[in-house]
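# A closer look at the structure
What follows is the residue order along each chain.
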Amino acid sequence: QVQLVESGGGLVQAGGSLRLSCAASGRTFNTMGWFRQAPGKEREFVAAITWSVGNSYYADSVKGRFTISRDNAKTTVYLQMNSLKPEDTAVYYCGARLSGSAYYSVSSYGYWGQGTQVTVSS
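Summarised in this report is the structure supplied together with it. No experiment lies behind these values; they were computed from the predicted model shown.

### Section: the pairing of strand β8 (residues 76-81)
- Burial runs high along β8: five of the six residues are buried.
- Pairing analysis gives six bridges linking strand β3 (residues 18-25) to β8, with the strands arranged antiparallel. Counted as the bridge partner of Leu 20 is Leu 79 from β8.
- Hairpin connection between strand β7 (residues 66-71) and β8: a loop of four residues separates the two successive antiparallel strands, and Thr 75 in this loop has a positive phi of roughly 45 degrees.

Structure representation (structure tokens):
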């Protein structure tokens with residue numbers, strides 16, 4: 001049974017940092033990614049990383065502030081978020097997929113975690 005379990009969300013002031021974790025179990029994946037969804041908005045791509053090579057990709061809105069990484073031994077992916085802004089407030093979801101090229105597309109991910117809330121106060 002595939003499970004993705006996120007942790008690390010919380011409340012932080014603007015300019016602060018948080019680190020999200022997503023522990024995967026049940027199988028290995030080609031790509032794992034982080035997406036976020038703010039109230040009234042669609043789920044959007046944040047960052048992704050390929051499991052075997054470790055290539056990483058970022059949305060323009062987080063480039064230079066967020067870093068995605070993985071720990072192969074723990075089958076865990078992390079999202080280090082620095083210089084947080086109020087507009088980063090959202091529920092953050094971990095996604096995983098077996099194959100595909102559009103790493104930024106929600107529909108290409110077949111497995112999802114339950115989400116973790118990140119709130120950035122001004």
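### Observations concerning the sheet that holds β3
- Read from one edge to the other, the open sheet built from four strands follows the order β1-β3-β8-β7, with strand pairing classed as antiparallel. Taken across any chain shown, the strands that pair with only one partner, and hence form the sheet edges, are β1 (3-7) and β7. In this sheet, adjacent strand axes meet at a mean angle of 15 degrees when their direction is disregarded.
- Bridge count for β7 against β8 is six bridges, and the pairing is antiparallel. Bridging from a neighbouring strand, Ile 68 pairs with Leu 79 of β8.

### Focus: unusual backbone geometry
- Its identity is not glycine, yet Thr 75 carries a phi of approximately 45 degrees, on the positive side.
- The exposure class of Thr 75 is partly exposed, given its relative accessible area of 27%.
- The phi dihedral of Ser 83 is positive, around 50 degrees, even though this residue is not glycine.
- Looking at the secondary structure, you find Ser 83 in the loop between β8 and β9 (90-97).
- Residue classification places Ser 83 among the partly exposed positions, given a relative accessible area of 43%.

### Section: the state of the cysteines
- Taken as a whole, this structure holds one disulfide when the rule is applied.
- With a sulfur-sulfur separation of 2.1 Å, Cys 22 is cross-linked through a disulfide to Cys 94. What sets the handedness of the Cys 22 and Cys 94 disulfide is the S-S torsion sign, and at about -75 degrees it is left-handed. Here Cys 22, found in strand β3, pairs with Cys 94, found in strand β9; they are 72 residues apart in sequence, far enough to count as distant. Taken as a pair, Cys 22 and Cys 94 share a single burial class, namely buried.

### Examining empty space enclosed by the protein
- Applying the stated criterion across every chain yields a total of one cavity of 30 Å³ or more.
- In terms of lining residues, the largest cavity is bounded by Ala 24, Arg 27, Thr 28, Phe 29, Met 32, Trp 51 and Thr 75.
- Residues belonging to the lining of the largest cavity are distributed by class as follows: four nonpolar, two polar and one charged.

Rules of the game
- Residues numbered from 1 in each chain as written.
- Predicted model: local features only at pLDDT ≥ 70, side-chain atom pairs only at ≥ 80, totals over all residues.
- Heavy atoms only, no water.
- Buried < 20%, exposed > 50% of the residue type's maximum accessible area, 1.4 Å probe, protein only.
- Helix = DSSP H or I, 4+ residues; strand = E, 2+ residues; numbered from the N terminus.
- Pairing = 2+ DSSP bridges.
- Axes fitted to C-alpha atoms, helices over the stretch in contact; angles between N-to-C directions.
- Disulfide = S-S within 2.5 Å.
- 1 Å grid on protein atoms, 1.4 Å probe; cavity = no way out; pocket = protein on both sides within 12 Å on 5 of 7 lines; lining within 4 Å.
- Points joined across faces, edges and corners; volume = space filled by probe spheres on them.
- Nonpolar A, V, L, I, M, F, W, Y, C, P; charged D, E, K, R; others polar.

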